[in-house]
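# Overview (structure and organization)
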Number of protein chains: 2
Amino acid sequence: MKRPKIVVLGAGYGGLMTVTRLQKQLGSNDADIVLVNKNDYHYETTWLHEASAGTLHHDRVRYDVKDVIDRSKVDFVQATALKVDHQAKKVILDNGELDYDYLVVALGGASETFGIQGLDKYAFSIVNVNAARQIREHIEYQFATYKAEEVKNPNRLTIVVGGAGFTGIEFLGELGNRIPELCKEYDIDQKLVRVICVEAAPSALPGFDPELVKYAMANLEKKGIEFKIGTAIKEATPEGIIVAKGENETEEFKAETVIWAAGVRGNPIIEASEFENMRGRVKVEPDLRAPGLSDVFVIGDCSLVINEEINRPYPPTAQIAMQQGELVARNIARLVKGNTHLESFTFDNKGTVCSLGDDDAIGVVFGKKVTGTKASFMKKMIDNRALYMIGGVPLTVKKGKFNIF
Amino acid sequence: MKRPKIVVLGAGYGGLMTVTRLQKQLGSNDADIVLVNKNDYHYETTWLHEASAGTLHHDRVRYDVKDVIDRSKVDFVQATALKVDHQAKKVILDNGELDYDYLVVALGGASETFGIQGLDKYAFSIVNVNAARQIREHIEYQFATYKAEEVKNPNRLTIVVGGAGFTGIEFLGELGNRIPELCKEYDIDQKLVRVICVEAAPSALPGFDPELVKYAMANLEKKGIEFKIGTAIKEATPEGIIVAKGENETEEFKAETVIWAAGVRGNPIIEASEFENMRGRVKVEPDLRAPGLSDVFVIGDCSLVINEEINRPYPPTAQIAMQQGELVARNIARLVKGNTHLESFTFDNKGTVCSLGDDDAIGVVFGKKVTGTKASFMKKMIDNRALYMIGGVPLTVKKGKFNIF
């Protein structure tokens with residue numbers, strides 16, 4: 001009898017969790033497992049704000065996929081997945097095709113600009129290692145050029161961050177620590193530098209405890225960050241951004257660096273493959289299969305799971321993607337073994353910590369509010385836990401964060 | 001009786017040599033000494049190619065002026081000197097004026113583009129720390145952007161160096177070592193990178209021993225450098241450069257980075273102050289005074305001294321500037337002490353070593369040809385000697401090059 005073929009698209013948190021669990025739960029003769037990923041490395045999406053600010057080298061936020069997969073059980077294919085052909089049960093890659101018996105779509109998200117003009121052209125997004133390196137170098141090049149040019153363009157020293165959500169705030173925390181270093185490196189007076197955060201919602205970090213939000217904003221303001229809350233970006237231009245001011249007026253913030261950190265949607269493959277979706281995300285069944293498809297699971301940023309308590313989707317996080325990966329591995333193992341009774345997914349929210357730089361954070365962990373160095377310590381433990389869950393002790397030792405006070 | 005006031009413009013090799021010798025030769029009551037410099041630091045002009053390539057941090061190529069001057073004898077003024085008013089015996093600064101009894105103009109050189117269209121706008125020149133940092137960051141930003149952009153612009157990975165003279169060749173040597181590092185940093189295949197050196201003269205390193213030139217070119221070619229010798233740049237454009245090809249044809253080299261390293265002229269103050277000059281350089285009297293001016297000495301890149309043997313000017317180097325500084329200090333000390341019989345300058349050429357990266361070099365030292373690690377060692381000793389001459393053992397220990405094999 002032919003072994004069933006399991007194809008996992010994406011080596012992010014969800015995909016790697018699926019593969020590392022499957023390789024434990026299935027023997028070599030039970031199934032063929034194929035992992036497809038654009039790069040030969042995994043990167044920590046939740047650490048990219050550090051690589052983008054230049055506070056952590058990008059090699060610290062990635063590791064080789066081969067370091068965590070069991071090559072005797074899992075084949076690795078480096079390719080970009082373009083489309084799923086549900087009828088033919090195959091995946092179209094940029095360099096070939098792969099058929100599957102079971103498919104896991106774990107391809108992560110993409111930046112969502114909500115149709116705001118110019119954002120895709122003039123703003124950077126913290127979406128992967130390539131983008132993070134470019135953002136880091138863009139900012140540094142602006143500082144270097146400002147110092148070298150005869151006619152100074154002060155907008156080179158202005159950075160606009162669009163969005164005071166999780167990514168925006170964590171990036172601002174790193175920038176707050178990085179700007180003084182950059183000023184020293186390029187002999188620039190720090191008073192000339194502006195970092196402006198623009199957020200359309202009536203509060204930073206929507207959904208967070210207001211007391212913690214207040215703490216975060218106060219500490220970031222101390223580091224020189226300016227907040228424009230309740231301010232929507234209308235347009236990005238080559239010179240900066242235009243925001244709405246009152247009913248009919250607009251205001252311009254000139255900046256040579258604009259980072260858009262306010263929206264995530266699912267991977268383009270979801271729409272290209274005609275899954276039922278909302279902004280590229282598939283509202284999955286309780287067992288994490290795509291509606292109407294018995295052989296396709298969707299997890300991570302491409303999936304949408306409703307938080308019944310508030311009747312809104314859970315935000316896409318590494319935590320939920322990893323829990324989904326664990327469940328999908330168990331469910332596929334059941335299917336492979338002929339058991340069609342699948343488990344349902346319930347999210348076990350262990351808490352959320354938002355960093356404010358290397359030395360400060362806010363969060364709620366196991367229901368308790370934490371701030372400052374204690375929260376920062378817990379954030380590092382959360383980061384290390386993700387490494388441990390996927391790569392065990394060796395990976396944690398190799399890539400973990402142990403710069404603890 | 002009023003103490004005579006000695007003003008030294010520029011804290012480069014010549015200026016600092018003058019001041020550090022004057023502060024030894026004169027007592028506090030003999031004269032007032034004022035040193036004027038744009039920055040509060042001295043930089044090693046002859047090391048800037050390393051900072052530009054990113055192989056040596058710019059803080060390694062500079063030190064505080066205050067570390068080498070005797071503050072009890074020398075006042076330091078941070079300012080840009082704009083013009084000398086010979087009649088009124090004063091110097092116009094960007095932030096004031098200074099009168100003088102004796103003036104030393106030691107302001108260094110500026111880039112000379114020989115009227116080639118677009119070079120001033122589209123090419124970088126390795127002229128100071130600010131420019132070096134910008135070049136380093138520009139190159140890195142091109143690599144980062146190439147990797148991040150969806151539609152790849154291969155010209156981001158092409159660097160054109162205009163000029164295979166001393167600076168051009170030394171910069172190419174550093175680039176040869178830096179490119180593999182950049183490719184690793186940004187996950188770029190080194191085969192995609194091009195470094196092209198364009199030189200109008202019929203040979204690289206004109207004036208150097210042909211055997212040494214051959215050695216240098218062969219070793220740089222091994223590191224991937226392409227040479228276009230006997231090829232004149234006609235124009236620099238936003239896309240690269242256009243060179244002459246044959247009689248009437250032209251050829252374009254597309255490159256996002258163009259470094260112009262082929263010409264030096266004197267500081268603009270020379271022309272602004274209506275000194276007799278050729279390309280901003282003053283053909284000085286044997287005692288290093290400007291023609292017709294008994295109280296103004298000109299040294300370093302702003303001065304022009306004829307090599308009688310070949311009836312051509314000595315190229316402007318750190319070695320000649322420092323020897324001039326020593327002589328000017330002695331001559332001014334004589335004048336201050338009422339002795340009007342001044343010494344004449346003769347250049348004592350101890351040799352020249354041209355580096356080809358951290359690990360290779362060519363040169364002639366005390367009349368002997370040297371190559372490879374031996375030459376590279378001598379180059380580092382020459383660099384250390386400049387530190388020692390100006391700042392003694394403490395500065396040499398602090399800033400010297402001791403990465404010896």
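From a predicted model like this one, the values you see are computed outputs, not experimental measurements.

## Some thoughts on the interface of chain A and chain B
Between chain A and chain B, the contact holds 21 residues from the first and 21 residues from the second. When chain A packs against chain B, close to 1,800 Å² is buried across both sides, 45% of that on carbon and sulfur atoms. On the surface where chain A and chain B come into contact, there are 6 salt bridges. Note that Arg136(B) and Glu185(A) form a salt bridge whose closest N and O atoms lie 3.2 Å from each other. Connecting chain A to chain B are 22 residue pairs in polar contact (both at pLDDT 80 or more). Considering each element in turn, the side of chain A that touches chain B owes the most residues, 13 residues, to helix H4 (residues 129-148) of chain A. Counted by class, the side of chain A that touches chain B contains 7 nonpolar, 6 polar and 8 charged residues.

## Some thoughts on the side chain of Arg156(B)
All names here are of chain B. Inspection of the secondary structure assignment puts Arg-156 in the loop between helix H4 (129-148) and strand E12 (158-162). On the accessibility criterion, Arg-156 (17% relative accessible area) is buried. A distance of 2.9 Å separates a polar atom in the side chain of Arg-156 from a polar atom in the side chain of Glu-149. Sequence-distant contacts of Arg-156, that is, excluding residues within four places in its chain, are made with Gln-142, Phe-143, Thr-145, Tyr-146, Glu-149 and Glu-256.

## Notes on the relation of the copies chain A and chain B
If you rotate chain A by 180 degrees and push it 0.0 Å along the axis, it lands on chain B with an RMSD of 0.0 Å. Classification of the inter-copy transformation places it as that of a two-fold axis.

## Comments concerning the environment of Leu26(A)
Residues and elements named next belong to chain A. The residue Leu-26 is located in the loop between helix H1 (13-25) and strand E2 (32-37) in this model. Assessed through its relative accessible area of 3%, Leu-26 is described here as buried. Taking the C-alpha atoms as reference points, Leu-26 and Arg-334, separated by 308 residues in sequence, lie 9.9 Å from one another. Contacts of Leu-26, omitting those with residues within four sequence positions, involve Ile-6, Ala-31, Lys-73, Ala-333, Val-336 and Lys-337.

Cut-offs applied
Residues numbered from 1 in each chain as written. Chains lettered and ligands numbered in written order. Predicted model: local features only at pLDDT ≥ 70, side-chain atom pairs only at ≥ 80, totals over all residues. Heavy atoms only, no water. Contact = heavy atoms within 4.5 Å. Buried area = accessible area lost by both parts, 1.4 Å probe. Salt bridge = Lys/Arg side-chain N within 4 Å of Asp/Glu carboxyl O. Polar contact = N/O pair within 3.5 Å; in protein donor to acceptor, adjacent residues only side chain to side chain. Helix = DSSP H or I, 4+ residues; strand = E, 2+ residues; numbered from the N terminus. Nonpolar A, V, L, I, M, F, W, Y, C, P; charged D, E, K, R; others polar. Buried < 20%, exposed > 50% of the residue type's maximum accessible area, 1.4 Å probe, protein only. Least-squares fit on C-alpha atoms with pLDDT ≥ 70 in both.

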